[in-house]
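Commentary on secondary and tertiary structure
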Amino acid sequence: MTWGRTAVKSRARIGGWGTAVLITGALAATLLGSGRIGHATEASDGSAWLWSRTASEVARVNPDNGQVERRRKVTDARGHRVRLSQNDQNLLIHDLETGRVSSLNLSGLGLSGRLNVGARGDTHLAMGATAAAVIERTSGTVRALDPATLRPVGTPLQLPGPLVGGEFDDDGRLWVAVPQQGTVAALKISAQGAAVARTDEVAEPGRDLALSVLDQGALVLDRGGRDLVVATGDGTRRITAPVPLAGAMVPERTHGALAAVTVPAAGSVVTLGDVEKGGPVLSFPLADPVQEPVVPFAGKVYVPVRETGQVRVYDPAGRQTGALSMPAGRGDLELQVREGNLFINAPGSADAQVVGTDGRARKVGKYPNGQGKGGDRPVAPGGGENSPPLIPAPPVEPVFPDLPVLPPSREEPEEPETPSEPSTPGTTPSPPGRTGPTPKPPRKSVPPVPEMPSARPTTSAPGTKSPTPPRSTTPRPPSTSRPPSTPRPPSTSKPPTSKPPTPKPPKPTPKPTPNPYTPAQVCNASSGGNYYVQRSVGFSGGRVYQLYSNSTKKNCAVTMKTGANVGKGTNVWVRLQEKKGGEVGYDGGTFKYYAGPVFVNASGICVRISGGGSGASVSTGWANCG
């Protein structure tokens, strides 16, 4: 099936979904781990859940007073990266390192569902008020889930991967960008499965796109230029940014009228005062290096500064109006807008803050004996008879329905129906019974190049006599090229007289951009101490290094990017853990050259390292125990 730029269609086979999203085997009766907390859909009581990596628990925070009201212990998750999504009834806990997902019933804090989406690829879970979906962004597969049981519902939808984004807006539409087509798609998630509601062109096919879902619609960035495109149910609006958008970052979800784009390469923040109406576009310089997108909230822009543990507050024009300090969160700050409040969390520490629309910050003590207002001891995890049942695996090869073709954004003539051609290896067959005109190719597709002959034939000009002598058995006269005794063999046609063209040598593959930094430079620049490499392990797109300093007695870990993504803003992370006390150093986000450095005090204690990015990861065993 040919993919059009103005309509996203489903395919006839599930392809790679089985390896990434098929529900497999039993999970541990309890939950998961650490890392970035994802967007949580609003819950009516105004509370929100935060993750504590060191304590391995989730805690529900009342934003009015900063009080932790409920806790839930999460076993086998200490030091892991975890993403949380919530609505009024359920909390989804996705362990990014194991691929295990659990659904927590918020009325009784018991587990109601569990599944395994695998740890490979770029699998993303999104949940709205009444629906949930799992998006395998690498392959482009989208599948609806029951938020409580995590059972797949309906038929999956196959889009041309990779996909970008994947969050619900306030109208219940799930938005994703399709860079291969240069489009953004609004999906409907229901009991019948995932379906395309509408698509809009936002860029030329193959562009590097970023996406932030708005209250109604989505903001799409073309990181190869300066275009900002706002897509809503009424169409698209194109805005020109004041700076090039190479490596630009946006939060996965933007709440409210103010939107903000972080452009580290230009050292700038671009703000859109009324994003859905293309309101005033302003920019201001970044005062500190940033590695994560800034977050707009209540008319202000909040800029996390990892190196200092501060969050600087600016108005849309760039005037600083305040700063929030969380020293324990150095290198580990996460900002999310939930329930009309901004939550600032340091997963590796006991500290968190919640900011209201009035700009007032309240301290949150996530641990019972920590700073702020902690709650009771965590609820003991359930298990045994209370553990949810295993989810049976869905059919391996469900047939996708034919979705209605959406009208193109510009009128184009219908192409005549053409007979279908036999499938060839590497193509996707059309669904059985599909009839009608062949889908139109992209508007600016290049016409096929005629096949070149294997040799250049010798021809005569029209009306002239062929130089080839008539067929004869008479010996040819003597010549310097053929002995006189050799007769010319009879033939019915003259063979080519010219040599076949020499094939052009393939173009040399461009050399990958070298990383301008070294692991020792990165570690020494942060703390000094003459760090040296003890071991390293590679993955597709990078290498994780463990270093040690005899003077500081600390271990350092850093993930260095390699290959084509060096110098581009892509996801990369690193984790360093010591064995005895479970001390963990973690860093992750969208970086151009490396993630880290992270440090732990582990003199005489075994450590292990892990890291990854762009759908690949690697880890080591315990070692370097001296």
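Residues numbered from 1 in each chain as written. Predicted model: local features only at pLDDT ≥ 70, side-chain atom pairs only at ≥ 80, totals over all residues. Heavy atoms only, no water.

With antiparallel pairing, 3 strands are arranged side by side in an open sheet as β20-β21-β22. Each edge of the sheet is formed by a strand with only one pairing partner; in this case those strands are β20 (259-263) and β22 (281-285). Averaged over all neighbouring strand pairs, the angle between strand axes comes to 20°, with direction disregarded. The sheet contact formed by strand β21 (residues 268-272) and β22 spans 5 bridges and is antiparallel. Of the residues in β22, the one forming a bridge with L272 is V281. (Pairing = 2+ DSSP bridges. Helix = DSSP H or I, 4+ residues; strand = E, 2+ residues; numbered from the N terminus. Axes fitted to C-alpha atoms, helices over the stretch in contact; angles between N-to-C directions.)

Further remarks concern the pairing of strand β28 (residues 341-345). Look at any regular strand and the pattern is simple: side chains alternate between the two faces of the sheet. In terms of burial, β28 is largely enclosed, as 5 of its 5 residues are buried. Connecting strand β27 (residues 334-338) to the next strand, β28, in antiparallel fashion are 2 residues, including E339 with a positive phi near 55°. If you look at the hairpin formed by β28 and strand β29 (residues 351-355), you'll find 5 residues sitting between the two strands. (Buried < 20%, exposed > 50% of the residue type's maximum accessible area, 1.4 Å probe, protein only.)

A few words on the sheet that holds strand β30 (residues 361-365). Strand order in the open sheet formed by 4 strands is β27-β28-β29-β30, and the pairing between neighbours is antiparallel. At either margin of the open sheet sits one strand with a lone partner, and together these are β27 and β30. Ignoring which end each strand starts from, the neighbouring axes of this sheet average 25° apart. Of the strand pairs in this sheet, β29 and β30 are connected by 5 bridges, and their pairing is antiparallel.

Turning to the state of the cysteines, a few remarks are in order. Counted under the stated rule, the structure contains 2 disulfides. Across the disulfide from C606 sits C625; the S-S distance is 1.9 Å. For the disulfide bridge between C606 and C625, the dihedral angle about the S-S bond is near 105°, and by the sign convention the bridge is right-handed. On the criterion of sequence distance, the pair formed by C606 in the loop between β36 (594-601) and β37 (607-613) and C625 in the segment after β38 (616-619) is long-range, its members being 19 residues apart. Residue classification places C606 among the buried positions, given a relative accessible area of 18%. Using a relative accessible area of 32% as the deciding quantity, one classes C625 as partly exposed. Shown here for the protein chain is a disulfide pattern of 1-2, 3-4, where each number marks a bonded cysteine counted in sequence order. (Disulfide = S-S within 2.5 Å.)

So, on to the pattern of salt bridges. Counting across every chain of the model gives 18 salt bridges. Measuring nitrogen to oxygen at the nearest pair gives 2.6 Å for the salt bridge that ties E57 to R71. Pair noted here: E57 is in strand β2 (residues 57-62) and R71 is in strand β3 (residues 67-73), with a separation of 14 residues, a long-range link. Note on R71: relative accessible area 2%, which makes it buried. A salt bridge links R83 to E252; the shortest N-O distance between them is 3.1 Å. Of this pair, R83 sits in strand β4 (residues 82-86) while E252 sits in the loop between β19 (235-240) and β20; the two residues are 169 residues apart in sequence, bridging distant segments of the chain. Taking relative accessible area as the criterion, R83 reaches 9% and is therefore assigned buried. Overall, the relative accessible area of 33% leaves E252 in the partly exposed class. (Salt bridge = Lys/Arg side-chain N within 4 Å of Asp/Glu carboxyl O.)

What follows concerns the pairing of β20. A large share of β20 lies buried, amounting to 5 of its 5 residues. Every second residue of β20 is oriented toward a common face, with A259, V261 and V263 on one face and A260 and T262 on the other, all of them buried. Here β20 folds back onto β21 in antiparallel fashion, the turn holding 4 residues, of which G267 has a positive phi close to 60°.

With that out of the way, let us pick up the packing of aromatic side chains. In the structure shown here, the tally under the stated rule is 5 aromatic pairs. Between Y517 and Y593, the ring centres sit 5.4 Å apart and the planes meet at 65°, which makes this aromatic pair edge-to-face. In this pair, Y517 sits in the loop between β30 and α2 (519-527) while Y593 sits in the loop between β35 (584-591) and β36, placing the two residues 76 residues apart along the sequence. On the accessibility criterion, Y517 (37% relative accessible area) is partly exposed. Residue class for Y593 comes out partly exposed when judged on its relative accessible area of 25%. Ring centres of Y531 and F599 lie 5.7 Å apart, and the angle between their planes is 55°; on these two criteria the pair is classed as tilted. Taken together, the residues span a long stretch of sequence, with Y531 in the loop between α2 and β31 (532-539) and F599 in strand β36 at a distance of 68 residues. A relative accessible area of 23% means that F599 is categorised as partly exposed. One aromatic cluster in this structure is built from Y517, Y593 and Y594. Directly above the aromatic system of W573 lies the positively charged group of R81, at a separation of 3.9 Å from the ring centroid. (Phe/Tyr/Trp six-rings, centres within 6.5 Å; stacked < 30°, edge-to-face > 60°. Lys NZ or Arg CZ within 6 Å of the ring centre and 35° of its normal.)

Another point: the side chain of H80. Residue position: H80 is located in the loop between β3 and β4. In this structure H80 comes out as buried when scored by relative accessible area, which is 12%. Of note is the side chain of H80, whose polar atom sits 2.8 Å from the side chain of D95. (Polar contact = N/O pair within 3.5 Å; in protein donor to acceptor, adjacent residues only side chain to side chain.)

Moving on: the environment of F343. Within the secondary structure layout, F343 lies in strand β28. The exposure class assigned to F343 is buried, which follows from its relative accessible area of 2%. With sequence-adjacent residues up to four places away left out, F343 is seen in contact with A48, L50, V61, P63, E334, L335, Q336, R338, Q353 and V354. (Contact = heavy atoms within 4.5 Å.)

Regarding α2, the residues found buried are P519, V522 and C523. Projection of α2 onto a plane perpendicular to its axis shows the buried side chains occupying an angular sector of 90°, all on one side. Buried residues along α2 sit against β31, β32 (542-548), β33 (554-561) and β36. Positive phi appears at G528, one or two residues downstream of α2, with a value of about 70°. (Arc of directions from axis to C-beta.)

Attention now moves to the side chain of S268. One can find S268 in strand β21. Of note is the side chain of S268, whose polar atom sits 3.1 Å from the backbone oxygen of A266. With residues up to four places along the chain from it excluded, the contact list for S268 reads V243, V261, T262, V263, F284, P285 and L286.

Let us now look at the confidence of the model for the protein chain. Close inspection of predicted coordinates is inappropriate in any region flagged by low pLDDT. Counting all residues, the mean pLDDT for the protein chain is 75, and 69% of those residues have values of 70 or more. Per-element confidence in the protein chain ranges from a low mean pLDDT of 38 for helix α1 (residues 17-21) to a high of 97 for strand β23 (residues 295-297). Every residue in residues 1-44 scores below 50 in pLDDT, and together they form 211 contacts with partners more than four places removed in sequence or on other chains. In the model, residues 375-495 has pLDDT below 50 throughout and makes 148 contacts with residues more than four positions away in sequence or in other chains. (pLDDT = per-residue confidence, 0-100.)

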